[in-house]
Amino acid sequence: MTQNRPAIEVDVVMRREPVSGPMSRWQAWRWVLADVLLRHTPEETTALAPDEQHTPQAVEPIDGPSPDGSTHWLFPRFRVALFRDDAEGYFLNLSSPSPCFWVVWRPDEALLVEGEPLAVPQTVTLSYHDAGRWLDAQERVEQVAAPEEAVDWLRTFVDATYQPEPKRRKRPDSFKPLTDRFGQPVRISTEKHGTGPKK
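Residues numbered from 1 in each chain as written. Predicted model: local features only at pLDDT ≥ 70, side-chain atom pairs only at ≥ 80, totals over all residues. Heavy atoms only, no water.

1. Section: the sheet that holds strand β3 (residues 57-59)
The following threshold applies: Following DSSP output, two strands are said to pair if at least two bridges run between them. Runs of E in the DSSP output that reach at least two residues are strands. Runs of H or I that reach at least four are helices, and both are numbered from the N terminus. Where helices are involved, their axes are fitted lines through C-alpha atoms of the stretch in contact, as for all axes, and angles between N-to-C directions lie from 0 to 180°. The criterion used for residue contact is that any of the two residues' heavy atoms lie within 4.5 Å.
Strand order in this open sheet of four strands is β2-β1-β4-β3, and the pairing throughout is antiparallel. Taken across any chain shown, the strands that pair with only one partner, and hence form the sheet edges, are β2 (29-40) and β3. With strand direction ignored, the average angle separating the axes of adjacent strands in the sheet is 35°. Note: strand β1 (residues 7-18) against strand β4 (residues 71-81), nine bridges, orientation antiparallel. Note on β4: the bridge partner recorded for Val 12 is Phe 75. Helix-sheet contacts for helix α4 (residues 148-161) involve β1, β2 and β4, and the interaxial angle to β1 is about 140°.

2. Description of α4
Given 3.6 residues per turn, any residue in an α-helix points the same way as the ones three and four places further on. Basically, it comes down to this: Any helix carries an expected span of 1.5 Å times its number of residues minus one.
Counted at 1.5 Å a residue, the expected span for α4 with its 14 residues is 20 Å, and the 20 Å between its end C-alpha atoms agrees. The elements touched by buried residues of α4 are β1, β2, α1 (42-46), β4, α2 (87-94) and β5 (100-113).

Here it is as structure tokens:
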């Protein structure tokens, strides 16, 4: 069960901001991922029943309202669970210059902000593989740097579970089959083909 797996709870913040430049003629506003905030530690998360609602609430940044009219919406209590069979996906995230959270979000026509669909997060992950699969499925996927506490927690899990596959010995090039420029096998004959008259 997911509830028994290592997990943390996070809040996702989406920002609605004005579009500048020539694109603003067709689209006045756009949604972007603003932040992913740690809400509960692994120990606290284990003791809580999951929240499937993630009811959004309008929030203001700590430094006050945005001068450009941007608005922020917080979606609480997304559970980020870790799976042993995806240890490589977490390892690849940790190996990047800036380990991050990935968030999949979709516009919800039933929830409107000034007549436009609200951007609603669907799921959050720390797995490079998960993010790749969602991008392949044409989902909206954005990333934000993970805080140090989340990175340390993820590294502890990866150190305990990730086993790199042993490198296989590379076959010498002399064993590779010969192919022509079209990739077709080439037949080689050791028979001599003379052009002179037969004796």
